[in-house]
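# Fold and contact review
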Amino acid sequence: EIVCLDYSVVWSDFECLSMTEQVHPVRTLRQHVLGIILILAVTLTWVGSSILTQAIFGSRDYDKPFALTFFNTSMFTVYLLGFIFNSSWRQMVSSKSDSPPDPKENPFAHTEHPKFTLSQVSILALQFAPIWALANLFFNLGLRWTSIASSSIISTLSALFTLILGTIYGVERFTLLKVIAVFLNVAGVVIVTFQDVSKSGGESMLGDFMCVLAACMYAIYTTFLKFNVPSDESLSMFMLFGLVGIFTMTGMIPLLILLHFLKIETIQAPDSGTLGMILLNAFVGTVLSDYLWARSVLLTTPLIATLAISVSIPLSICADVLLKGVHFSVVYVLGLVLVLIGFALANIGEVPSSDHNIENQ
């Protein structure tokens, strides 16, 4: 007797693991806690990825941030295996949209659990891809010139941009507590940046500026995702990121060729050891972490997800102290404390009450 394994069922079960908490349109306490857990997992992968990135630029002598961004992006394409293992994905290729999206507004804002068609997911991925690629590139450039701790602290500046954008697009509630939280966050970032400039000079300042740009792009794509995808039952995150990978990779190939001919960054194949580190960094620091990040945004709020980057700061400081022997001043630590207090205050105003959850359930 021949036993056949239905891979579409296996793949669907795998995807269901990411959607079991999204049964109700109203965010519950359990969903919020799950989102925070995912964010904590993301911070661990980000710190590990930052350590690997600096090692690739430094000890491995592969100082090519554009190429590293290209490798990171390429790994997203593994999600496109869903078209092989999931029959429902293949059915979407031949299906047609009954209601094409209006480009002037969010076509899914007023429906409970809309299902995206393949063309709608593709359009979303095409819009999302350059935002993600720029965020990743600016962060890699930042790590080239500044410390892991400083890059992590400055990245929390995305909370300010997220609050502004989230309020404009209606995915964040503007409250006094959030304003105070963001103000403390920005104050802490300013203190850390000035400490970096006074200690390391212009090169560190350039790295800090790249991290500010990365924070801005993170805020844009976080708000963009929350605005366009009100529920992760609407589409497969695996499909979205797989398409983001193929679009970004395709767009970066001519850019890398241009940079090579301009001698800004020459194309060079890494040795086997460096290639192993690059692939590990791409899978853990990009493929896994960005998927968990997107899930955490939908389970919490964009502001919570961006402020939660501050959780990675103590880990980043430990990494700099243990691996590089870096010492931090009292003023620098004060900036760190302000950032962490800002994250705590933002969460106080966002945790759903148990009574409200029971009523809605």
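Refer to the structure presented above.
Parameters at a glance
- Residues numbered from 1 in each chain as written.
- Predicted model: local features only at pLDDT ≥ 70, side-chain atom pairs only at ≥ 80, totals over all residues.
- Heavy atoms only, no water.
- Helix = DSSP H or I, 4+ residues; strand = E, 2+ residues; numbered from the N terminus.
- Buried < 20%, exposed > 50% of the residue type's maximum accessible area, 1.4 Å probe, protein only.
- Contact = heavy atoms within 4.5 Å.
- Phe/Tyr/Trp six-rings, centres within 6.5 Å; stacked < 30°, edge-to-face > 60°.
- Lys NZ or Arg CZ within 6 Å of the ring centre and 35° of its normal.
- 1 Å grid on protein atoms, 1.4 Å probe; cavity = no way out; pocket = protein on both sides within 12 Å on 5 of 7 lines; lining within 4 Å.
- Points joined across faces, edges and corners; volume = space filled by probe spheres on them.
- Nonpolar A, V, L, I, M, F, W, Y, C, P; charged D, E, K, R; others polar.
- Axes fitted to C-alpha atoms, helices over the stretch in contact; angles between N-to-C directions.
- Parallel < 35°, antiparallel > 145°, perpendicular 65-115°, else oblique.
- Left-handed = near helix turned anticlockwise from the far one by under 90°.
- Core = buried A, V, L, I, M, F, W, Y, C linked by side-chain atoms within 4.5 Å.
- Patch = residues over 30% accessible without salt bridge, like charges linked within 9 Å, V, L, I, M, F, W, Y side chains within 5 Å.
- Areas by Shrake-Rupley, 256 points an atom, 1.4 Å probe, with all protein chains shown as cover.
- Salt bridge = Lys/Arg side-chain N within 4 Å of Asp/Glu carboxyl O.
- Expected span 1.5 Å × (residues − 1).
- Bend = angle between axes of the 7 residues up to and from the residue.

## Quick look at the overall build of the chain
Scanning the chain from N- to C-terminus turns up 16 helices and 0 strands. Residues classed as buried in the chain amount to 51% of the 361 residues present. Considering only contacts in the chain between residues 6 or more positions apart, those separated by 24 or more positions represent 86%.

## Thoughts on the packing of aromatic side chains
This structure, assessed with the given rule, holds 15 aromatic pairs. Centroid distance F70 to F71: 6.2 Å. Interplanar angle 70°. Geometry classified as edge-to-face. Here a set of aromatic residues connected by ring pairs shows up, and it is made of W46, F76, Y79, F128, W132, Y218, Y221, F224, F238, F241, Y291 and W293. Note that K64 overlies the ring of Y62, its terminal NZ or CZ placed 6.0 Å from the centroid.

## Thoughts on empty space enclosed by the protein
One water molecule sets the probe size; rolling that probe over the atoms shows where empty space is left. All chains considered together, the criterion is met by 1 cavity of 30 Å³ or more. Quantified by volume, the largest cavity comes out at close to 250 Å³. Considering the residues around the largest cavity, the lining is formed by 21 residues, among which W46, N136, F139, Y218 and G285 are closest to the centre. Residue classes in the lining of the largest cavity are distributed as 8 nonpolar, 12 polar and 1 charged.

## What about the side chain of S151?
Among the structural elements, S151 can be located in helix α7 (residues 148–155). When neighbours within four sequence positions are excluded, S151 is seen to be in contact with F139, L143, T146 and C211.

## Regarding the packing of helix α3 (residues 65–74) against helix α6 (residues 118–145)
Geometrically, a packed helix pair is captured by the angle between its two axes and the distance between the axes. It is the contact of α3 with α6, at a shortest axis distance of 9 Å, that shows an interaxial angle of 135°. Between α3 and α6, the angle is such that the two are oblique. For the crossing formed where α3 meets α6, the hand is right-handed. Judged by residue contacts, P65, F66, L68, T69, N72 and T73 of α3 engage W132, A133, N136, L137, N140, L141 and R144 from α6. Classifying every residue of the contact of α3 with α6 gives 7 nonpolar, 5 polar and 1 charged.

## Regarding the nonpolar core
Core analysis: the largest hydrophobic core is formed by 59 residues, its most contacted members being F128, Y221, L235, M237, M239 and L240. For this core, the secondary-structure elements that each account for two or more residues are α2 (29–57), α3, α5 (87–94), α6, α10 (202–228), α11 (237–261), α12 (272–299) and α13 (302–307). Per-element tally for this core: the top contributor is α6, with 15 residues. Excluding residues within four positions of it along the chain, L240 makes contact with V121, L124, A125, L225 and L235. Counting residues in hydrophobic clusters, the runner-up holds 12 residues, among them I153, V189, V192 and Y332.

## Remarks on the environment of L118
Its location among the elements puts L118 in helix α6. Each C-alpha atom, one on L118 and one on M92, is 5.7 Å from the other, the two residues being 26 residues apart in sequence. Residues in contact with L118, not counting those within four places in the same chain, are F83, M92, V93, M239 and L243.

## As for unusual backbone geometry
Not every positive phi belongs to a glycine, and D61 is a case in point at roughly 55°. Along the chain, D61 falls in the loop between α2 and α3. Residue classification places D61 among the exposed residues on the basis of a relative accessible area of 63%. A positive phi angle is found at K263, which is not glycine, with a value near 60°. When you line up the elements, K263 lands in the loop between α11 and α12. Taking the relative accessible area as the measure of exposure, K263 reaches 69% and is therefore exposed.

## A short note on a nonpolar patch on the surface
A surface patch of nonpolar side chains, amounting to about 380 Å² of accessible area, comprises F174, L176, V179 and I180. With respect to the helices, strands and loops of the structure, V179 is situated in helix α9 (residues 176–200). Residue V179 is classed as partly exposed on the basis of its relative accessible area, which comes to 31%.

## Brief notes about α6
Along its 28 residues, α6 runs 41 Å from first to last C-alpha, staying within 8% of the 40 Å computed at 1.5 Å per residue. The principal kink in α6, of about 30°, is found at F128, preceding the proline P130 by one to four residues.

## Observations regarding the pattern of salt bridges
Applying the stated criterion across every chain, the model contains 2 salt bridges. Note that R60 and D271 form a salt bridge whose closest N and O atoms lie 3.1 Å from each other. Of this pair, R60 sits in the loop between α2 and α3 while D271 sits in the loop between α11 and α12, and the two are 211 residues apart along the sequence. Of the residues examined, R60 reaches a relative accessible area of 32% and is grouped as partly exposed. You can call D271 partly exposed: its relative accessible area is 42%. Of the charged contacts, one joins D63 and R144 as a salt bridge, the two residues approaching to 2.9 Å between their closest N and O atoms. Taken as a pair, D63 in the loop between α2 and α3 and R144 in helix α6 lie far apart in primary sequence, 81 residues in all.

Shape is all these values report; function is a separate question.
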